[in-house]
Amino acid sequence: MNFYEDEDRDGLRFSWNVLPATKLETTRLVLPIGCLFTPLKQRIDLPSVQYGPIHCERCGAILNPYCEIDFKRKIWLCNFCNLRNKFPLSYTQISEQLLPLELHPNSTSIEYKIDRAPSQTPSYIFLIDRSTSEEELESLKTILIEKILQLPEDSYLGLITFGKNVWVHDLNPHKMEKIRVLRGDKFYSAEKICQLLYIPNSPIVLNQNMKININQNQKLTHNLKKYLKPISEVKSSIKRIISGIKTTNWLNNNNNSSKRDPRAIGNALAIALTLAQSRFSPGRIVTLLSGPATIGPGMIVSMERSDQIRSHHDLFKESTMYVENATKFYNALANSAARSGHAIDLFSVSFDQVGLFEMQNCSKLTGGTLTICESFKQESFKNSLSYLLNPLNFKLDCSIELKISPEMKLSSYIGNFFFISNSRINSREGGSTAIFKACSLTESQTFAFYFDVITHQQKVSITQPGFFQFKTLYQRPNGEYKLRVTTCSKQFAQTKNQLTKIEQSFDKEAAAIIFARKILQKTNSEQPKNVIRWLDRTLINFFSYFADYKHKKPETFKLQQQFNLFPQLMYHFRRSRFLKIFGYSPDETTFHKFTFFNENTQNSLTMIQPMLFQYSMNQQQSPVLLDHSSLTSDCLLLFDNFFSILIWRGEQIAEWIKQGYQNLEEYKDFKTLIEMPVKYADILIKKRFPNPKIIICDQDSSQERFLLSQLNPSQSRTINNSSLTDDLSFQMFMEHVKKLVCEN
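Reading the values: the criteria
Going along each chain's sequence as written, the residues are numbered from 1 onward. Predicted model: local features are reported for residues with pLDDT of at least 70 only, side-chain atom pairs are reported and counted for 80 or more only, and whole-chain, interface and lining totals are derived from all residues. With hydrogens and water stripped out, all remaining heavy atoms of the structure feed into the side-chain values. UniProt positions are given in the numbering used here, feature names are shortened, and annotations may be inferred rather than shown by experiment. DSSP calls a pair of strands paired once it identifies at least 2 bridges connecting them. Helical segments are the DSSP runs of H or I of at least four residues, strand segments are the runs of E of at least two, and each set is numbered from the N terminus. In this analysis, axes come from line fits to C-alpha atoms, helices being fitted only over the stretch in contact, and the angle between any two N-to-C directions falls in the range 0 to 180 degrees. Relative accessibility decides the category of a residue: with a 1.4 Å probe and only protein chains considered, values under 20% of the type maximum give buried, values over 50% give exposed, and everything between is partly exposed. Any pair of residues with heavy atoms lying within 4.5 Å of one another is described as a contacting pair. By the criterion applied in these results, polar contacts are pairs of N or O atoms within 3.5 Å in which, for protein atoms, one can donate a hydrogen and the other can accept it, and in which residues neighboring in sequence qualify only through two side-chain atoms. Pairing of aromatic rings covers Phe, Tyr and the six-membered ring of Trp, with a centre-to-centre limit of 6.5 Å; geometry is then stacked below 30 degrees between planes, edge-to-face above 60, and tilted otherwise. Counted as over-ring charges are cases with an Arg CZ or a Lys NZ within 6 Å of the ring centre that also lie within 35 degrees of the ring normal. Put simply, buried Ala, Val, Leu, Ile, Met, Phe, Trp, Tyr and Cys residues joined by side-chain atoms within 4.5 Å make one nonpolar core. A pairing counts as a salt bridge when a side-chain nitrogen of Lys or Arg comes within 4 Å of a carboxyl oxygen of Asp or Glu.

Looking at an unreviewed UniProt entry, the protein carries the name Protein transport protein SEC23, with the source organism given as Anaeramoeba flamelloides. The Function (unreviewed entry) field of the UniProt record for the protein holds the comment "Component of the coat protein complex II (COPII) which promotes the formation of transport vesicles from the endoplasmic reticulum (ER). The coat has two main functions, the physical deformation of the endoplasmic reticulum membrane into vesicles and the selection of cargo molecules." Recorded in UniProt for the protein, the comment headed Sequence similarities (unreviewed entry) runs: "Belongs to the SEC23/SEC24 family. SEC23 subfamily."

In C-alpha cells form, the structure reads like this:
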C-alpha cells in the first residue's frame, strides 16, 4: 500500500487501512483506528467544477466515484444508505464513456462552486498591550503600521489598547484623537458593552438570555463606523493614531519592582469580540501580549510579585487560585467567537508567562494561532505577524462535515476546531454525521479523527467496504465559496484468519501521530509520568499481539517490516518536550501541544523524531542518525525539531572558524561549507509558521545541551567522570520491551 499517494491525492492517512470486522476485534488491535485529515491539502491537479454537488435525498451524502450507476435508468445508488437517487435532467447524456467529472476514479477529492452570497469583507481588530516597555512598544508600533497598510483595502480595521483600563480607538480622522475608555477591573456583559459604545447588539453574546438576531444585510450604524473602518479610509490617519499610543508601564518607570503592571486582558478581549460580532462578518482578533492579566475578569495572577504565577507543580497539586475562574471566562469567550466566525490569535511576546494555558481555547476552538516570542524586535515575530496578516494563507468561515457508513461511528476527535453537532441516523439510512467549524483554516492544518466499529456480530459479508466522506466548505479571499468533497473507502477483514491483511495495512507514521495525539490529550487530566506508564503498557500489549517470539526467549523477538519504525518513533516521543516537561512552563507546554495538534504529517513527525543533517568536506549534506555517534569533530550538524533549528559545529570546524580560515581566498570551499546549513535553515524558517528559533553553537558549549538532550545516548559521554544523561538508549529500551513481552 502506498500511503503517500493517498495523502497527496486526498490529504488522508489512516493508522489501519484494512479495518476489523467487529467491535471485539477492534480492541485486539490495541492502537486506535483513526485518520489524519488535511482539509485544504494543496494539490495542483485537483478536479474542480463550476456547479454544485448532487446530494442523496435520504442521508445527504454527495455523489462520488464509489456510487453504483444505472446508466439506462439514470439512477445512482448511494454508497452510504443504499437509496436509489435519480440524476437531474442535466445528466441525461451521461454514459460509461461520458462520465461527469465527479464520477471519474481520480475524483475522490473534488471541488464544487457554491452559489452563496459572499459575506462582508473580513475585519482585523488589534489588541495592543500598553503595559510594556517604551522601547518594545516603539518596535511594535513600527511593525504594525507597516503590516496594516499592506492589508486589503476593503478589509475593516479596529484598534483597542489596554493596560489598567481598556481604550477603544475612534478611527475617524479628527484633529484631536478620540478614545472611549472602559474600566479594566469591572466585568461588562456583551449587552452592556454595546450600550457603552453605542453600537448594535451582537448576534451572539455572553449573556445567553439575550435575543439572538442575525441579519446579514443590516447596515453598520454611525457609531460602529467609528471603531471599524475600511483600510482605504484610514490610510492617512492610522500612522498618527498608532504612533500616539503611549506606554502605561508606570510601575516599572517608578522603580516599583514589587508589583506587576496592571493588564485587563480579559475585558479587552471581551470588548474586541463584541465589537467584531456587531459587524456580522468573519474576522480576526490579533492579541499582542507582553505580560499576564493581573486585573479584571480573566486575571491569572495578582499584581504582587510575591504571588508566583502557577507552575506545572501547582497545576498537578490543584493549588491554584485563579486558574479555574480564568479558564471558565476565556472558554465562554472562545465558544462565542467560534459560533460567530471570529478567529482569536494570541501572541505571547515576553520572557514571562502571559496566561496561554488559561486562554488556549480562545485560539483552539476558533481556528486561531498561538505564538511565543521573546521580543517585538525579533525577526521571528515580524515574520509570524506577516504570515498571519496575508489573506492568501488563511481561508475564513470554514466548516467540515464528516459522514461515516453505518458499520462505524466517530468516537473522538483532536484538533484546533469547534464541534457543532453529531447525529446518528438509523443504520439503514446512512450511518452518522458530525459537523465542525473552523473560523480560519490553512493548507497544512490537519485534524485527527478516531473511529469505532459498532458491529457486535461477525459481518455476513466482509466484501462490502466502509466509507468516509469529508465535506469542507470555505470562503476564498475573493468572497467565493467552495466545497471540497473527499470520499474514501476501507475494506473489512477478520483478525482470526485475515490478520496478515490487517498487519500489511498498518501505516506506522500515521499511527504514531494519531497515538501521540491521544497520549497528549490524556496529559490534560493526568500527570505526564502516569501517562508514560500507560504508554509503555500499551506498547507492550501491542507488541505482544503483533510480534513474533517464543515464550521467555527475548532473543527470538521479531517485528515485521511494517512495524519496524514504530518503536523508534515512540521512543523519541517518550523523550520529547511533550512528555518531559521539566524546564518548560505551562504556557510553553500549551504552545507545543497546540502546534502539534495543528500540523500535518511531515511536521508532526519532525516534532516526534527530529531531523539531523551532517555537512562535511567529503559530503555536502546527508541525513544521519539521531545518535551521539553522529557527533564528530570534523563536521557541522543541522538539528531540526520544528520549534527550533540548531547548527552545531564540531571542535575542529569551530577552531578553523575561530582562526578565520573562511575569510581566506584559498579556503573558499570551507566558507561554502559553513554557509550551507545557514542557508538551509533560512529556507526552513520561511516555510514555517510560527517561525522557529535558530541556535548556533560549538561542540562542548553550553547551548549544546539542546542537541544532546534529543540524541539517542548509544555512546556514554562523560565529563569529569559524570554522565551527561541518565536516559536509556534506544537499544536498552528495546531490550526491556522484548523481555517484558516475552515473559508476559
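**Q** Quick rundown of the sheet that holds strand β6 (residues 84-86)? Include the residues and the values.
**A** Taking strand neighbours across the sheet as the criterion, the three strands line up as β4-β5-β6 in an open arrangement whose pairing is antiparallel. Each edge of the open sheet carries a strand with a single partner, namely β4 (68-70) and β6. Taken over all neighbouring pairs, the strand axes of this sheet differ in orientation by 25° on average, direction set aside. One ladder, built from three bridges, connects strand β5 (residues 75-77) with β6; its direction is antiparallel. Its bridge partner being in β6, W76 is matched across the sheet by N85.

**Q** I'd like to hear about the pairing of strand β16 (residues 395-404), residue by residue, with values.
**A** For β16, the buried fraction is high: eight of the 10 residues fall into the buried class. By the bridge criterion, nine bridges tie β16 to strand β19 (residues 432-441) in an arrangement that is antiparallel. Opposite L402, over in β19, you have A434 as the bridge partner. One ladder, built from seven bridges, connects β16 with strand β21 (residues 466-475); its direction is antiparallel. In the sheet register, E401 faces β21, and the bridge partner there is K471.

**Q** With reference to specific residues and values, describe the environment of R310.
**A** If you trace the backbone, R310 turns up in the loop between β13 (283-289) and α10 (312-317). Accessibility expressed as a relative area gives 4% for R310, which makes it buried. Between the C-alpha atom of R310 and that of F357, which follows or precedes it by 47 residues, the distance is 9.9 Å. If sequence neighbours within four positions are ignored, R310 has contacts with L315, T320, V323, Q353, G355, L356, F357, E358, P586 and D587. A distance of 2.6 Å separates polar atoms of two side chains, one belonging to R310 and the other to E358. At 2.8 Å, the side chain of R310 and the side chain of D587 are in polar contact.

**Q** Which residues make up the sheet that holds strand β26 (residues 622-623), and what values do they have?
**A** Strand order in this open sheet of five strands is β26-β25-β27-β28-β29, and the pairing throughout is mixed. Looking at which strands have only one partner, the edges of the open sheet turn out to be β26 and β29 (693-698). Where strand β27 (residues 636-640) lies against strand β28 (residues 644-649), five bridges are found, and the strand directions are antiparallel. If you follow L638 over to β28, its bridge partner there is I647. Against the sheet, helix α21 (residues 668-687) makes contact with β25 (611-615), β27, β28 and β29, and its axis sits at roughly 10° relative to β27, the strand it touches most.

**Q** Describe in detail the packing of aromatic side chains, supporting the description with residues and values.
**A** Tallying each qualifying case throughout the model produces 50 aromatic pairs. Measuring from centroid to centroid gives 5.2 Å for F14 and F468, while their planes differ by 55°, and the two rings are tilted. Taken together, the positions of F14 in strand β1 (residues 12-14) and F468 in strand β21 put the pair 454 residues apart, joining distant regions of the chain. Judged on exposure class, the residue F14 and its partner F468 are both buried. Cluster of aromatic residues (ring-pair linked, three or more members): W16, F506, F542, F543, Y545, F546, Y549, F557, F563 and F566. If you follow R130 out to its NZ or CZ, it ends over the ring of W167, 4.3 Å from the centre.

**Q** Explain the UniProt feature "domain: Sec23/Sec24 helical" (unreviewed entry) in the protein residue by residue, including any values.
**A** Residues annotated by UniProt as "domain: Sec23/Sec24 helical" (unreviewed entry) correspond here to residues 507-605. The span residues 507-605 carries 61% helix and 9% strand; its end-to-end C-alpha distance comes to 13 Å.

**Q** Run through the nonpolar core, naming residues and quoting values.
**A** By size, the foremost hydrophobic cluster in this structure holds 129 residues, and its most contacted members are W16, Y330, F449, F451, F543 and F566. Apart from residues lying up to four places away in sequence, Y330 is in contact with I265, G266, L269, A293, P297, G298, E358, M359 and C362. If you look at the next biggest cluster of nonpolar residues, it comprises 31 residues, including I148, C373, F381 and L385.

**Q** Help me get a handle on the pattern of salt bridges, residues and values and all.
**A** If the charged atoms of two oppositely charged side chains come close together, the side chains can form a pair. Applying the stated criterion to the full structure yields 28 salt bridges. Among the salt bridges present, the one from D70 reaches R73, with a minimum N-O distance of 3.9 Å. A salt bridge links K693 to E374; its shortest N-O distance comes to 3.6 Å. Highlighted residues: K693 in strand β29 and E374 in the loop between β15 (370-373) and α13 (379-388), separated in sequence by 319 residues. In this structure K693 comes out as partly exposed when scored by relative accessible area, which is 46%.

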